[in-house]
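# What the coordinates show
Residue strings, one per chain:
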Amino acid sequence: MLAYVSSPLNRAHDLRIRNEELSALRRRPDCVVVRVRGDQVEVDGDLPRRNVGAAAEEEEVFLGLAEDGAPWFAARAPESASLAPLRGLMLAGIVDHGLLSILAQARSIIHWHERHGFCANCGSATAIRDAGYRRACAACGAEHFPRTDPVVIIAVTHGERILLGRQAAWAEGMYSALAGFCEPGETIEQAARREVFEEAGIRVGDIRYIASQPWPFPSSLMIGLIGEAATTEITVDTSEIQDARWFSREEARHMLTRSHPQGLHASHPYAIAHALIAAAAGL
Ligand SMILES: [Zn+2]
């Protein structure tokens, strides 16, 4: 199952500028604060820690309201906190998908605050505003907003074949859909065609959108696509990826289920690449 796409919270954005109401919510005994530091999450034993009814800290972000009405906030975990990597918690399969999605929201936005204490325009200190969805510079008046970085990820098909590639740093035998960041001034389709051509030398024609996934390492939005190849001759740019190959649909199915005879495998089901390869393989 795709990770990070199942947040049960209502973001209740209208509350972000209503300071008195927000303060009252923060004082409720059922208020939950999750704390993160870098890509680590504060834990209690093996599971993410929910600080219920804790005292307010200096900089906190309002995440939203749960179905039971409980307000949820995020804060930076102190160095002394017991921490575990968010990725590891996901892979362990013991945290429910709703909580994982809340933690992804917390991790991405706290990461932004960790890196934006000073104004990119004039270098002065900035202050948190709008319950964490803006930072303001008193010196020059600049406003700064949390960033989300769009990434295109595309399974390219040619008839019965699927183009997949691998990076040198990945687990041995793993292949996945090609991906890359959208650049300023590009459409999603242009970014996808450029990335596939840069990495594998393949020209892509028609592209269709399949699904998206927030990817909190630190704050990407994966935009999942399937494209049709217009050419078939692969030229790998080894400065970007280690290998790219055409796989048959049958091979791709075995890679998804980890039953490929040569031990090759595709991305984990938590990642959108898995769903894209499955769709491209006709599953
Ligand atoms: Zn400034």
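### Regarding the packing of helix α5 (residues 249-256) against helix α6 (residues 272-280)
In the contact formed by α5 and α6, the axes pass within 9 Å of each other and the chain directions differ by 145°. When you trace α5 past α6, the crossing you get is left-handed. Between α5 and α6, the contacting residues are Arg 249, Ala 252 and Leu 256 on the first element and His 274, Ile 277, Ala 278 and Ala 280 on the second. Looking at the contact of α5 with α6 residue by residue, the class counts come to 5 nonpolar, 1 polar and 1 charged.

### Some details on unusual backbone geometry
Cis rather than trans, the peptide bond between Phe 217 and Pro 218 has omega equal to 0°. In this fold, Pro 218 is placed in the loop between β14 (204-215) and β15 (220-229). In this model, Tyr 4 sits at a positive phi of 70°, which is unusual for a non-glycine residue. Look at Tyr 4 and you get buried, because its relative accessible area is 3%. Positive phi values are uncommon outside glycine, yet Arg 258 reaches one of about 55°. One can find Arg 258 in the loop between α5 and α6. Overall, the relative accessible area of 58% leaves Arg 258 in the exposed class.

### Brief notes about the coordination of the zinc ion
Bound to the zinc ion are the protein donor atoms Cys 119 (SG), Cys 122 (SG), Cys 137 (SG) and Cys 140 (SG), situated 2.3 to 2.4 Å from the metal. Each of the 4 donor atoms around the zinc ion contributes to a set of angles spanning 100 to 114°, which defines the coordination as tetrahedral. Between consecutive donor residues of the zinc ion, the sequence gaps follow C-x2-C-x14-C-x2-C. On the accessibility criterion, Cys 137 (4% relative accessible area) is buried.

### Some words on the pattern of salt bridges
Counting across every chain of the model gives 20 salt bridges. Notably, a salt bridge pairs Asp 14 with Arg 18, separated by 3.4 Å at the nearest N-O pair. When its relative accessible area of 37% is taken as the criterion, Asp 14 is described as partly exposed. For Arg 37, the salt bridge identified is with Glu 79, shortest N-O distance 3.6 Å. Separated by 42 residues along the polypeptide, Arg 37 in strand β1 (residues 32-37) and Glu 79 in the loop between β6 (71-76) and β7 (83-85) bring together distant segments of the chain. Residue classification places Glu 79 among the exposed residues on the basis of a relative accessible area of 68%. Bridged by salt links that share partners, the residues Arg 35, Glu 42, Asp 44, Arg 49 and Glu 57 form one connected network.

About the cut-offs
- Residues numbered from 1 in each chain as written.
- Predicted model: local features only at pLDDT ≥ 70, side-chain atom pairs only at ≥ 80, totals over all residues.
- Heavy atoms only, no water.
- Axes fitted to C-alpha atoms, helices over the stretch in contact; angles between N-to-C directions.
- Helix = DSSP H or I, 4+ residues; strand = E, 2+ residues; numbered from the N terminus.
- Left-handed = near helix turned anticlockwise from the far one by under 90°.
- Contact = heavy atoms within 4.5 Å.
- Nonpolar A, V, L, I, M, F, W, Y, C, P; charged D, E, K, R; others polar.
- Buried < 20%, exposed > 50% of the residue type's maximum accessible area, 1.4 Å probe, protein only.
- Donors = N, O, S within 2.8 Å, 3.2 Å for Na, K, Ca; no water.
- Tetrahedral: all angles 85-135°; square planar, octahedral: opposite > 155°, others 65-115°.
- Salt bridge = Lys/Arg side-chain N within 4 Å of Asp/Glu carboxyl O.

Such coordinate-based values are descriptive only and should not be taken to indicate function.
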